[in-house]
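One-letter residues, chain by chain:
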Amino acid sequence: MDNMLPINAIGEVVAHGLAADASGNATPLAFHRGVPTRSRLLLVTERKQVVGPEPRRPPSTLPPAANARLDISLSGKISDGRCGRTFRITVDSLTFSGGATAHHDCGLPPLCIKMAAPGMSRRLSKEAWCYEEMEKLQGIAIPHCYGWFESGLAEGHQIVAIGAGIGVDSDSDSTSGKSNYEDSDDSEEHDGSEISGQSNQEMQNAEKARLKSSNVISILLLEELGERLLDVREFPQPLRDDIHAVYEDICEMGIEHGDCRPQNILRAANCPPGFPSIKCPRHGCEHQWRIIDFHIGRKTNIIPSFLLDGYGSDLKHMIDELKITLP
């Protein structure tokens, strides 16, 4: 589509119906585009037969970043997850830096926001980094991601659209009401950054603490997708092959998803109103499925074929389990 808005065109998201002031009156909350935290880099030095050099990110094909303002309203909850809660949104307007405003045909597909649970902004930031790292797979194997945005909650203000229990996935393995994937110190793993002295490390620690603050609110702006694999009732071989191929695309980028579950495998959006799928250059087809939730994803030098073998086993077991639970 020629009128597709570049994924780096939005610099500010103003959410209506999300926050309230101390008196309970609705107040808009402005989020500004942030620079995501680099995800952990898992460099394996043993088992030489399954490792290679550190994979490099392909050059970006995006134009220079713009600073458009997107005004949105929440129109319903989609799901709860281990890292946060996802909402369907309505685009109220898109205003460009020159003052031009679009209300309908603004070059965007149906969108949703994923909001980090309290203290989980750093996790969501890392997920945003994974989406940026896989820029060339957006619209092919993963959803279009329009950025990670951050806001500070003023004293006395509160988020009114979240409610209790955010960050606890009803389908998770936890029975204690606590996520298995709480944000943690990644000091045991190389994070891919160059640390030059104590002052730099102190800056990194301060940024970790800031993102864990309950006053920091962050969102991912994403393309809304279709049904979950969890809700599918038939699993023909072409469906299995397509999901396997999507994971192959991700593995070839050196990304370990880390959360292969039927809740995180979604059908591509219907077109229209969604964007048409982009033809996969590796497989020569338009994939029907997308992978989401990379908040514990990481870059690794494990060779793609070895990563893919693990996902192949996971997918077979997952679909077998889903078939057992069918009515």
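Residues numbered from 1 in each chain as written. Predicted model: local features only at pLDDT ≥ 70, side-chain atom pairs only at ≥ 80, totals over all residues. Heavy atoms only, no water.

**Points about the pairing of strand β5 (residues 84-95)**
- When strand β4 (residues 68-80) meets β5, the two strands line up antiparallel, connected through 10 bridges. Residue pairing across strands places Leu-70 opposite Leu-94, the latter belonging to β5.
- Hairpin remark: β4 followed by β5, antiparallel, with three residues in the connecting loop.
- As paired elements, β5 and strand β7 (residues 111-116) share five bridges and run antiparallel to each other. Residue pairing in the sheet places Thr-86 in a bridge with Lys-114 of β7.
- Summarising the sheet, β5 and strand β6 (residues 101-102) pair through two bridges and their orientation is antiparallel. In the strand pairing of β6, Thr-95 is matched with Thr-101.
- Between β5 and β6, which follow one another and run antiparallel, lie five residues, and Gly-99 among them has a positive phi close to 105°. (Pairing = 2+ DSSP bridges. Helix = DSSP H or I, 4+ residues; strand = E, 2+ residues; numbered from the N terminus.)

**Regarding the packing of helix α3 (residues 237-252) against helix α4 (residues 304-324)**
- At a minimum axis distance of 9 Å, the contact between α3 and α4 shows a crossing angle of 150°. In terms of orientation, α3 lies roughly antiparallel with respect to α4. The handedness of the crossing between α3 and α4 is right-handed. Judged by residue contacts, Leu-239, Arg-240, Ile-243, His-244, Tyr-247, Glu-248, Cys-251 and Glu-252 of α3 engage Pro-304, Leu-307, Leu-308, Tyr-311, Gly-312, Leu-315, Ile-319, Asp-320 and Lys-323 from α4. (Axes fitted to C-alpha atoms, helices over the stretch in contact; angles between N-to-C directions. Parallel < 35°, antiparallel > 145°, perpendicular 65-115°, else oblique. Left-handed = near helix turned anticlockwise from the far one by under 90°. Contact = heavy atoms within 4.5 Å.)

**Concerning the pattern of salt bridges**
- Evaluation of the coordinates by the stated rule reveals 18 salt bridges.
- Linking Glu-54 and Arg-38 is a salt bridge whose minimum nitrogen-to-oxygen distance equals 3.6 Å. Of this pair, Glu-54 sits in the loop between β3 (41-42) and β4 while Arg-38 is found in the loop between β2 (26-33) and β3, placing the two residues 16 residues apart along the sequence.
- The partner of Asp-231 in a salt bridge is Arg-228, and the shortest N-O contact between them spans 3.1 Å.
- In this structure Asp-231 comes out as partly exposed when scored by relative accessible area, which is 37%.
- Residue Arg-228 is classed as partly exposed on the basis of its relative accessible area of 26%. (Salt bridge = Lys/Arg side-chain N within 4 Å of Asp/Glu carboxyl O. Buried < 20%, exposed > 50% of the residue type's maximum accessible area, 1.4 Å probe, protein only.)

**With respect to the nonpolar core**
- Counting residues in hydrophobic clusters, the biggest one holds 46 residues, and the most contacted among them are Met-134, Leu-229, Tyr-247, Ile-250, Ile-265 and Phe-294.
- Elements represented by at least two residues in this core include exactly β7, α1 (121-133), β8 (145-152), β10 (216-223), α3, β12 (265-267), β13 (289-291) and α4.
- Counting residues per element, this core draws most heavily on α4, at seven residues.
- Listed in part, the 30 residues of the second largest apolar core include Phe-87, Leu-94, Ala-102 and Leu-108. (Core = buried A, V, L, I, M, F, W, Y, C linked by side-chain atoms within 4.5 Å.)

**Let's talk about α1**
- Between the first and last C-alpha of α1 there are 18 Å, a value that for 13 residues agrees with the 18 Å anticipated at 1.5 Å per step.
- With respect to burial, α1 is a largely interior element, 12 of its 13 residues being buried.
- Buried within α1 are the following residues: Ser-121, Arg-122, Arg-123, Leu-124, Ser-125, Lys-126, Glu-127, Ala-128, Trp-129, Cys-130, Tyr-131 and Glu-133. (Expected span 1.5 Å × (residues − 1).)

**Concerning the packing of aromatic side chains**
- One pass over the full model with this rule turns up two aromatic pairs.
- Considering the side-chain rings of Tyr-131 and Phe-294, the 5.5 Å spacing of their centres and the 75° angle between planes classify their relative orientation as edge-to-face. Here Tyr-131, found in helix α1, pairs with Phe-294, found in the loop between β13 and β14 (298-300); they are 163 residues apart in sequence, far enough to count as distant.
- We classify Phe-294 as buried; its relative accessible area is 0%.
- Taken together, a centroid distance of 4.4 Å and an interplanar angle of 20° make the contact between Tyr-247 and Tyr-311 stacked. Separated by 64 residues along the polypeptide, Tyr-247 in helix α3 and Tyr-311 in helix α4 bring together distant segments of the chain.
- Exposure remark for Tyr-247: the relative accessible area of 0% places this residue in the buried category. (Phe/Tyr/Trp six-rings, centres within 6.5 Å; stacked < 30°, edge-to-face > 60°.)

**Quick look at unusual backbone geometry**
- With an omega of -10°, the peptide bond running from Cys-271 to Pro-272 counts as cis.
- In this fold, Pro-272 is placed in the loop between β12 and β13.
- Omega for the peptide link from Pro-272 to Pro-273 comes to 10°, which places this bond in the cis form.
- Here Pro-273 is to be found in the loop between β12 and β13.
- Phi at Asp-293 is positive, roughly 65°, even though this residue is not glycine.
- By the element assignment, Asp-293 lies in the loop between β13 and β14.
- What makes Asp-293 buried here is its relative accessible area of 12%.

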